[in-house]
Each structure stands twice: as C-alpha cells, then as structure tokens.
Amino acid sequence: MQRFLRLSVLLLGLFAAASSYAADAPPPALTTEDDLGPAIEQPIEFPHFRHAGDADKGGMQINCMYCHTYARRSLVAGIPPIQKCIGCHQSIESVRETPRIKKLFEYWDAKKAIPWKKVHDLPDYVRFSHERHIKRFIFQLNRPVQEVCGYCHGNVKEMTVARRSKLLSMGWCVSCHQQDHPVTDEGGTPIGNQAYWYSMHKPPVDASGIIKAKGPNDCSVCHK
Amino acid sequence: MMNSGSVKHLAGHPFDRRDFLKVLGWGGAAVALSGCGNGSVEDGKETVVSYVETNDYMIPSISVYFNSTCAQCDAGCSITGRIREGRVLKLEGNPNSAINRGKTCGLGQAGVQHHYNPDRVREPLLRNGDQGEAITWEKAYALIAEKLNGVSGEEIAFLTGGVSGHLKVLLGNYLDSFGSKNHFVYEAVGPAVLRAANKKSYGVEMPRFNINKAKVVLSFGADFLGAWISPVHFSQQYAQFRKGVDGQRGVLVQIESKMTLTGANADRWLVVRPGTEGILALGIINALGTATGDIAAAVKGYDKARVSKDTGVSAEQIDKIVALLKERTPSLVLAGSAAEGYAHGSQNAAAINLLNQVLGNVGKTVEAAAVVPFPQMAPATGNTFALKTLNDGLNAGKYKVLFSYAANPVFTAPGAMKFKDNLAKAGFKVAFTHYLDETAMQADLVLPLDSALEDWGTQVPEYMAEGAQINIQQPLMEKLHANTRGMGDILLALIKLRRADDYKKYDDYYAYLRAAVLQNKGALGGGVADDDTFWNETLSKGIIKLASAAHALSGKAGAAGLSLPAPSAIDAQYPLQLIPSVNASLRDGRNTNQPWLQESPDPLTTIVWDSWVEIHPRKAAELGIVEGDIVEVTGKNGSIKVQAYLFPGIHPDAISIPLGRGHEALGRYAKGYGVNPFQILDMVFDKETGELALHETRVKVSKTGSRVIVVKDEGPAGGSQMGKKIAARLPSDKVKLSEEVYYVG
Ligand code: SF4
C-alpha cells in the first residue's frame, strides 16, 4: 500500500548548502553527468522555468510550495490537482490559446486526470518525508525555498519538465546526513523534537556558540 | 490498482461529503521494482495521477477517517474507516457507539475483504442456459417490470436476511405497490426461539443483558464472547464483569454440551447432556428452595437426584452452583443458542428465563431495552419458520416471481427441505447479491450490489446497548466497480416503475435517505440546526442517538405451561447428537469468501481452512478414531466426510461440526473448503415457534480408512503435549510426515 512512496517528485534533502556549516567536512560530491536522470516526456510539457523562474528570465517566481502544497504537510510533495492550475489559468487570457494550456483545459473539461510520469522515484522500502526536510530547512533554518528544494531536485526553476539531477542513492543521502548541522539548543528538530545525536552525549559547542550534530542515521528512520 | 481512467469528476456540490468520494485519488500504475541499483529505480516509468479536483483535507499520504456501520453481522457495531488516497485501508470501531465502544471483532475487521473481494459480481447477469450473460441495468429493470406484469401480489415473494432502517421501509413500500405481503425474513442462525421465549418471560423479545452488573453469570450455552447476538458489546461488558462489581470479580459458569469460546473462558465449565438444559435450570430452582406458588409446584419433581441423572451434572456441582447464586446477587442467567436448538427449545429457554425471575434478576441484570421510536424501521427478524413457509409456497408453485437479498438458503436450509428443487419452481428468480453464492447460482437474474463500504443506508440494531440508536452506513470510498448498485438504489429504481409520482423527487437512494432523515430532524435530535448542518453532523458521527422510552419489562411470567420432556433415549442406529456449531468468524457462512476468516484459526481447535468434527477422546477411542481420520458422519438425511479432531470439551454422546464451510459456490476462498453440516440436518422443529431445532440431528460416525494431517496452529500433539518433554527439534527437511506420531487420546 505504500503508494505514497511512489508518488511524484519524491526527494528533497539536507545536502549541498549544509557544507557552509561544516567547513571542515569535504563538500558533497558535485552532480555529475551520470547523476542526470533520463529526459522524460510528459503529457504536457510543463514549463517550470515560466512558473518558478527568476523575473529577469521571464519567470513568475512562484513559491514551489504554492503548487506542491502537500510537501510541507505530508510525506509526498504531490502533483497539484488540475483545479489548482485552472484556478489561475481561467483568468490568464493571454496564454489561453497556447497548445499547452489548451491541452490542460481539455483534461479539465473531460474531468480526466493528467497521467504525469514520475520523475523522482525511490524504492518502496525507503520512507522519505518531504515534510520533515521542509520543516527543518525552510521553517526552522529559514533557507530560501528554491534552494532547499534544489538540494534534491536540482535547479528546477530553469527546467521545463523536471529531470532528475541528483543521484538519490542511499550513499548520496548519507553524504549529507553525515555532515554536522546546526541544531537547536535542546538538540531537537522542530518536528517530534527528535535529538540529532544518538550517542547519548551532546556534541561540543564550537567557538561560534553553535551546536552542531549529524543528521539522523538510524536505519529505521528511512527503512520503516 | 487504479489508473487515470477511474478518476472522476465531482458531482458538482462543492465540499459535500459525497463529492470527495467521487474522486479517486493518487495511484501509480503498475509497479515493477527492478532491483536495487543506484539512485532512482523507475524514473519516467510509473504514472503518478493527481486529483482532478479535491477537498483541502485530502492530502496524499495522510489518512482521513469516516464513520459507518459494520455490515458483517447484524449486531450493528459502528466503525471508523481509515481512507488514504481515496482507498479504504482499515476499519476500527467507533468509540462513540454504546454497542461496541471503539472495538470490532475479527469478523468486522475482515470487512475490507468483502469490499475488495475479487469474486464480487460486477455486472447484472441474465441466465442463458448455464451461463450468466452480462446485461445493462436498463434491460434488467425492464425485464423485472415485464415479469411482474399481470402477476398478482400473492404470486410475488421477497426473501431477505435481517433488514432494518430505511431499506426496510422502502422494501415494505415496494411490496405494497403490488399488494404483496410476502416478505420472508430468514436468518439461518438467528436467536428466533429465544426471542419468542423472552417475549413470554419478559414481555420483550430482546431485553438488555447487563453482564457487567452481574456478580455471577450462569450461561446455558450462550456464546456471548464468540457469536451470540452482540459479541463485541458483550465482550466489553465481560471485561467489566471480570474486574468486578464492588470489588467482587464476577464468576462465569458455562453449561453446555459443546465448549464454546465463552465456555473456554469460564471459571467453571459443565458439560450437560444435550437438550437437558431446561431440566437443569428447574433443578437449580428447586435446589435454591426460594420459589413459591406455582413455580415451586412446577419444579417440585426436579430433585437433585433426578436432575443429576437426566443431565449428567453431578449433585455436588448443582450444590456449588446454588451456593454461588445464593452468595452473590445480582446474577444473570442466559439462555443461549445451544439451549434453544431442540424440539423443546422454547421450553428450555422458558425454564432458564424462569431462573432469572426466581433469582430476582429481572429489572436488574435483565433490563428493558430502549426502543427506536420509529417502529417501521425496527429490524425485521425471522428464521427457518419463515423459510419453511416460503419453501412450502414454492413447492406448491405459488410464486411467479421471487426476489432474494442477503440470504443464501440454498446453502443454509436443511438439505431435507429440498429448497433448491423447490426454488426451481418459481417462475422468475431475481437475486440481489455481492457474490455468486449458492442461491444466486439458481437465479434467473443476478443483480450485483455495492459493497457495504460503498453503499448508503441506515441500520437499527436489534440489540440496543444503552440508549436507542440508528446507525448510518455511508460509502468510505468511491465504488470499485462501475456497474454495481446499492440495494437502496435498486429498490428505488424498481419502485419508481410502479409509483413514479411518489418517488420521482428522489434522484437516488442518497437523496431519499437524506430527505427521510431531515423530515424527522426534530425527532432525531436535530433541534433547530439547519438541514445541511444536521445532515453533515449526522454523517460525521455515523450514529443518530435517540432519546426514547424503554420497553416495559415484565418479570412475572411464572411457570404456567412449562413442561420439559425427559431426555430422549439414545437412538440405536444414530447414537450421536450432531451439534452444528456457530463459530465467531464464519457464523452462517455468508462471509466465508473472506480469506482472513478462513486463515484465522478456530479459537478452540486452532484449525484453519477446513472443517472438522469434534469427538470426545473417550468416544473416539471406543470407535477407534484418531485425529485426522476422515470419518463419515451419517444421519437420516445424508452424510458428510470430514476430518476428526479429538476434543475433550464435548459431551461423549455428541459430536460437533462448525457451520459456514462447505460452499459449492460463493468464491475462490470458500468453494470446496470443508463440509456443510446444514445439508444433513434433520427436519425437527421447535414445537412452539416452528423454528428449526438446530441441535436435534442424530448421526452415527464411521471410519473411512483415510487419514490426513490436520492443518492447525497447535502442534501435532495438541493439548497432550502438556507436562511432557519438549519434542526434539528437527530441521524440516528431516521430518518424515509418514512417520509422525499422532495424538491418540
Ligand atoms: S459483532 Fe463484529 S461483525 Fe458483528 S457488527 Fe460488530 S464488529 Fe461487525
């Protein structure tokens, strides 16, 4: 039943930017050509760059979570219901007759779901929570949304349809969980107040007064 | 697995509870996990389907919960379904119901397997020789109209299981529309005799039994923890009873000829000669010595010596029971199905009820039940008497059109009744059904029903726990199959063919139900709430609790008319009494196609997926039978072959075979597993009510020569392993099954 695991854009994480907190640790491996997933043809060639891209490049700078609204509340980020697309597009006359939008309205009028192809897929035995990572990086650490989503999803704001650009293997996840991250004074995260240190003793506070600890690395955190 | 094609649009009432159900959610198409390579496994291969439209509370991976009512038996437990991505995953009890207070039984848990069952009928089927041909609903309705054309009311019969609520009202109106009074209600294992006896003893058919208030419970074969009336409710009362009233832990004494689950939990389990429960009850009244007047006179002859000889319960045990009853009040005496199942079942039950009266329990532990103030919605109950009447009518060729719903008499009627043959005499047979069960297999037209988790309805439980309540049944998810219909919707469509004007304002059964409930908003506790608020609250609670008066209870029936026959002599040709046992999961066999129920071991024998015959080890030794022997159980009305299980919890002159298995149809998990003891029952009926005396069948047992390994959870040695050395552990490839030693009693 763990269908949620197979849903939509699945990953998002703790990665690249963390290195700024852990100057002594080697930076995570850079994305290589090999990490790039296959180009995937979608029923509608959805232009992420148009919606999320920077204004100077013709983008709308829409927050990722405006459409992927489940990400902060759920394991999965979710593909928005068509109703969401229509909500805006019914009053955007200028593009109403473009091929992609026409196609969108065809689905809507027929009340048919769009059969998107999944771009980021994890095995069913991995339980990845979008909510946890978003609460941690966006809401607790106040990192910019696109940066945080980008840790795992790459630079989506410059893509048309999304394409996987990180490896998303276990080693790759761990490469970030092994880094020292700043944590709250009690050692907790905002969700469930789970302590970041597992060896029973609090890590030392560094010269700057910031307590750092590694990401969770119990098997059971991801393999329930 | 869902696909995009099953995603539907909302019906156009925003934020209505129904609408969400019309949207099927997230589903991936076929999944093939191709191994554990690096990184993502199936990029670009799976489809991820989003909602077209959805309510805000529908968040993928987060469950939502809706209340409904369990339809696995008639106890009417309220359930809460967990739904995720538009699929119902798990059922729990609804804590707000006084009946089950947040719990369900194993049978209730299996409700999801009824819903997702692969053997559900998916299209209306019209008989064409041996085949069922899929037809449209329009054609099916037209056909029914055509067959009813020119047929008088008397020539139409409607057979159902227990029905209540608005469905019963609608059904009544439908029958009215062609002037038919032929509604036959048939529950194969319902407590029909008890109802009649209770009516006489207490003035009501189904009072409340307050097990939790009793300090001692004397149960004559009432399996209240297993399958009797409202087992989840009684189990919870039992837990309170065991904790004790005023610090006194309740004591349970179970008296029966075959140990039930309740018997296995009792402090004292007494085996009684089958059919002599009433005699024992009168013996206890006599030994108590507190009765006066006609009761004293009626029990005068039942002195300990005689009672002990008749029943097989020793005088010493009778003394102990009497001492216990004297020492602890209030007590509660229950007449269960084991006591009812005889030609003198009514008398047995009356004698047992009399014991309650003598002990002063009436009004204390036997209390009046609350009544739903809408008598037209009260449950219609019935048993074999109704079936027999129908059967006689069929045999006489009285019925041109027969409808059947929620009953499977071809499976549950005693074979000697020849119901199947008589059924063939009905002109046109319509079965409303979920599965192609034995009865549907005989039908000319099979109409597939929505599952209980897809359908709308109201249910009024026969056994009311505290206040009166009406239970709401509502869909927990969108229909799985496009061409099934709710029973209410079908009835509405049919009645529209006859009384279009009265019913045309209802688009569907949902609209009918909503209108019917709102019409009585005041009486249903709606107060001044506006319609939408009240309706939505009702659906969200899943229960309508009613302020209502209780039935009047009388406890002065006395002993008039009480007469118990002497125990019957042993029949030389058929020396054993057959006890067809009602087991907590399978009951009368309607749910046998739910594999969890086949797979969950019988609580007493631990046997799975098969039938067995329980034989007392002493009797077995006498007959040279060991566990696993295939024996032939023969009675006047046929024989069945079944594996033997040696069971000390049974009277040596009785054997027991559980009901519910031995299907010849119904589905892949039911067909061909086990045997059906209904088929060999003797046609003996209770003298007063005319109901089938389920325990009156006499049989003999003979070996067939073959032997099998009984598939069960307990070790091969069963109970005999106790106190012995632990068997040497062998790797499974070293075990030689042919050399295994069996328990030989
Ligand atoms: S007793 Fe069990 S099967 Fe019957 S209604 Fe309650 S939960 Fe359902």
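1. With respect to the overall build of chain A
Of the regular secondary structure elements, chain A holds 8 helices and 3 strands. For chain A, the α and β elements follow one another from N to C terminus as α-α-α-α-β-α-α-α-β-β-α. The buried share among the 224 residues of chain A stands at 46%. Surface exposure of chain A reaches about 11,300 Å², of which carbon and sulfur atoms provide 57%.

2. So, the overall build of chain B
Counting its regular elements, chain B contains 23 helices and 26 strands. At 27 Å, chain B has a C-alpha radius of gyration in line with the 27 Å of a compact globule built from 745 residues. In terms of principal-axis extent, the alpha carbons of chain B reach across some 75 × 70 × 60 Å. In chain B, which comprises 745 residues, the proportion classed as buried is 59%. Sequence separation of 24 or more characterises 73% of the internal contacts of chain B that already satisfy a separation of 6 or more. Of the roughly 28,500 Å² of accessible surface on chain B, 52% is carried by carbon and sulfur atoms. Side-chain charges in chain B split into 77 positive and 76 negative, and the spacing between the mean points of these groups amounts to 4 Å.

3. Quick word on the packing of aromatic side chains
Tallying each qualifying case throughout the model produces 24 aromatic pairs over all chains. Geometrically, the ring pair formed by B:Tyr174 and B:Phe403 is edge-to-face, given 6.1 Å between the ring centres and 70° between the ring planes. In this pair, B:Tyr174 sits in helix H5 (residues 165–177) while B:Phe403 sits in strand E15 (residues 401–405), placing the two residues 229 residues apart along the sequence. Neither B:Tyr174 nor B:Phe403 differs from the other in exposure class; each is buried. Residues B:Tyr506 and B:Tyr512 carry aromatic rings whose centres are separated by 5.2 Å and whose planes lie at 90° to one another, so their mutual orientation is edge-to-face. With relative accessibility at 14%, the residue B:Tyr506 sits in the buried group. Ring-pair connections join several aromatic residues into one group, and the members of that group are B:Phe209, B:Phe224, B:Trp228, B:Phe234, B:Tyr238, B:Phe241 and B:Tyr463. Against the face of A:Phe137 rests A:Arg136, its NZ or CZ located 5.8 Å from the ring centre. Across the ring face of B:Phe685, the terminal group of B:Lys388 is positioned such that the distance to the ring centre comes to 4.0 Å.

4. Let's talk about the environment of B:Ile285
All names here are of chain B. Mapped onto the secondary structure, Ile285 falls in helix H9 (residues 277–288). You can call Ile285 buried: its relative accessible area is 1%. When the C-alpha positions of Ile285 and Leu354 are compared, they lie 8.5 Å apart, and in sequence the two are 69 residues distant.

5. Quick look at the sheet that holds strand E23 (residues 629–635) of chain B
Residues and elements named next belong to chain B. The 6 strands are arranged E21-E25-E22-E24-E23-E26 in a closed barrel whose pairing can be described as mixed. Each adjacent strand pair in this sheet contributes to an overall mean axis angle of 45°, direction not counted. The pairing of strand E21 (residues 576–581) with strand E25 (residues 654–658) spans 5 bridges and is classified as parallel. Its bridge partner being in E25, Gln577 is matched across the sheet by Ala654.

6. Points about the pattern of salt bridges
Overall, the coordinates contain 38 salt bridges over all chains when judged by the stated rule. The shortest N-O distance in the salt bridge between A:Glu131 and A:Lys135 comes to 3.2 Å. With a gap of 4 residues between them, A:Glu131 and A:Lys135 both fall in helix H5 (residues 130–140), about one helical turn apart. A:Glu131 gets classed as partly exposed once you look at its relative accessible area, which sits at 23%. Of the charged contacts in the structure, one is a salt bridge between B:Lys504 and B:Asp501, with a shortest N-O distance of 3.5 Å.

7. Details of the packing of H5(B) against helix H18 (residues 487–496) of chain B
Each pair of packed helices can be described by the angle between their axes along with the distance between the axes. Residue and element names in this part refer to chain B. Relative to each other, H5 and H18 sit at 25°, their axes nearing to 10 Å. In this view, H5 runs roughly parallel relative to H18, as classed from their interaxial angle. In this structure, H5 meets H18 at a crossing whose hand is left-handed. Residues Leu167, Leu170, Leu171, Asn173 and Tyr174 of H5 form the contact with H18, whose own contacting residues are Met487, Gly488, Leu491, Leu492, Leu494 and Ile495. Class assignment for the residues of the contact of H5 with H18 results in 9 nonpolar, 2 polar and no charged.

8. Remarks on the sheet that holds strand E5 (residues 125–128) of chain B
Whether parallel or antiparallel, the strands of a sheet pair through hydrogen bonds between backbone atoms. Residues and elements named next belong to chain B. Overall, mixed pairing links the 7 strands, which are arranged E6-E5-E17-E16-E15-E7-E8 in an open sheet. Strands at the two margins of the open sheet, each flanked by one partner only, are strand E6 (131–134) and strand E8 (183–185). The average undirected angle you get between the axes of adjacent strands in this sheet is 20°. Contacts between helix H15 (residues 384–395) and the sheet are confined to strand E7 (156–160), E8 and E15, with E8 contributing the most and set at about 135° to the helix.

9. Side note on H15(B)
All names here are of chain B. With 12 residues, H15 extends 16 Å between its outermost C-alpha atoms, agreeing within 8% with the 16 Å of an ideal straight helix rising 1.5 Å per residue. Turning to H15, its buried residues number three or more, namely Thr384, Ala386, Leu387, Leu390, Asn391, Gly393 and Leu394. Summarising the contacts, the buried residues of H15 are in contact with E7, E8, E15, helix H16 (409–412) and helix H17 (419–423). One or two positions beyond H15, positive phi appears at Gly397, with a value near 70°.

10. Re the confidence of the model for chain B
Interpretation of this model should avoid reading the predicted coordinates in detail wherever pLDDT is low. Residue and element names in this part refer to chain B. Confidence in the prediction of chain B, expressed as mean pLDDT, is 89, and 90% of residues score 70 or more. In the predicted structure, residues 1–39 sits below a pLDDT of 50 and forms 105 contacts with residues beyond four places in sequence or in another chain. For residues 740–745, every residue scores under 50 in pLDDT, and the model assigns this stretch 15 contacts once sequence neighbours within four places are set aside. As a predicted assembly, this complex carries a pTM of 0.85 together with an ipTM value of 0.75.

11. Description of empty space enclosed by the protein
Residue and element names in this part refer to chain B. The tally for this structure, following the rule as stated, stands at 7 cavities of 30 Å³ or more. Approximately 80 Å³ is the volume attributed to the second largest cavity. Lining the second largest cavity are Cys70, Gln72, Cys73, Ala75, Gly76, Cys77, Thr104, Cys105, Gly108, Pro231, Val232 and Arg587. Class assignment for the residues of the lining of the second largest cavity results in 7 nonpolar, 4 polar and 1 charged.

12. Considerations on the pairing of strand E4 (residues 87–93) of chain B
Successive side chains on a regular strand alternate, one facing one side of the sheet and the next facing the other. Residue and element names in this part refer to chain B. Bridge count for strand E3 (residues 78–84) against E4 is 6 bridges, and the pairing is antiparallel. When the sheet's bridge partners are listed, Arg84 is paired in E4 with Arg87. With antiparallel pairing between neighbouring strands as the criterion, E3 and E4 make up a hairpin whose turn holds 2 residues, including Glu85 at a positive phi of roughly 45°.

13. What about the site of the ligand?
Residues and elements named next belong to chain B. Looking at the ligand, the residues that line it are Cys70, Gln72, Cys73, Ala75, Gly76, Cys77, Thr104, Cys105, Leu107, Gly108, Pro231 and Val232. When atoms are counted within 2 Å of each cavity's grid points, the one that captures over half of the ligand is the second largest cavity. Taken together, the residues of the shell around the ligand break down into 8 nonpolar, 4 polar and no charged.

14. A word on the environment of B:Lys139
Residues and elements named next belong to chain B. Within the secondary structure, Lys139 sits in helix H4 (residues 137–148). Taking relative accessible area as the criterion, Lys139 reaches 43% and is therefore assigned partly exposed. As a C-alpha pair, Lys139 and Glu599 span 460 residues in sequence and 40 Å in three-dimensional space.

15. A short note on the side chain of B:Lys168
All names here are of chain B. As for its placement among the helices and strands, Lys168 is situated in helix H5. The buried charged residue Lys168 lacks any salt bridge partner; its closest oppositely charged side chain belongs to Glu205, at an N-O distance of 10 Å. In terms of polar contacts, Lys168 uses its side chain to reach the backbone carbonyl oxygen of Gln376, at 3.3 Å. Filtering out sequence-adjacent residues up to four positions away, Lys168 remains in contact with Val163, Pro375, Gln376, Met377, Ala378, Pro379 and Ala380.

16. Notes on the nonpolar core
Residue and element names in this part refer to chain B. Counting 62 residues, the largest nonpolar core has Leu218, Phe220, Phe224, Ile284 and Leu355 as the members making the most contacts within it. The element contributing the most residues to this core is H9, with 7 residues. Non-local contacts of Leu218, meaning those with residues more than four positions away in its chain, are made with Val253, Ile255, Ile284, Ile321, Leu325, Leu332, Val333, Leu334 and Leu355. Core analysis: the next-biggest nonpolar cluster, separate from the first, contains 61 residues, Ile156, Met464, Leu492 and Ile495 among them.

Quick notes on the rules
Residues numbered from 1 in each chain as written. Chains lettered and ligands numbered in written order. Predicted model: local features only at pLDDT ≥ 70, side-chain atom pairs only at ≥ 80, totals over all residues. Heavy atoms only, no water. Helix = DSSP H or I, 4+ residues; strand = E, 2+ residues; numbered from the N terminus. Buried < 20%, exposed > 50% of the residue type's maximum accessible area, 1.4 Å probe, protein only. Areas by Shrake-Rupley, 256 points an atom, 1.4 Å probe, with all protein chains shown as cover. Rg over C-alpha atoms; globule rule 2.2 N^0.38 Å. Contact = heavy atoms within 4.5 Å. Lys, Arg positive; Asp, Glu negative; His and termini not counted. Charge placed at Lys NZ, Arg CZ, Asp CG, Glu CD. Phe/Tyr/Trp six-rings, centres within 6.5 Å; stacked < 30°, edge-to-face > 60°. Lys NZ or Arg CZ within 6 Å of the ring centre and 35° of its normal. Pairing = 2+ DSSP bridges. Axes fitted to C-alpha atoms, helices over the stretch in contact; angles between N-to-C directions. Salt bridge = Lys/Arg side-chain N within 4 Å of Asp/Glu carboxyl O. Parallel < 35°, antiparallel > 145°, perpendicular 65-115°, else oblique. Left-handed = near helix turned anticlockwise from the far one by under 90°. Nonpolar A, V, L, I, M, F, W, Y, C, P; charged D, E, K, R; others polar. Expected span 1.5 Å × (residues − 1). pLDDT = per-residue confidence, 0-100. 1 Å grid on protein atoms, 1.4 Å probe; cavity = no way out; pocket = protein on both sides within 12 Å on 5 of 7 lines; lining within 4 Å. Points joined across faces, edges and corners; volume = space filled by probe spheres on them. Near = heavy atom within 4 Å. Sits in = over half its atoms within 2 Å of the grid points. Polar contact = N/O pair within 3.5 Å; in protein donor to acceptor, adjacent residues only side chain to side chain. Core = buried A, V, L, I, M, F, W, Y, C linked by side-chain atoms within 4.5 Å.

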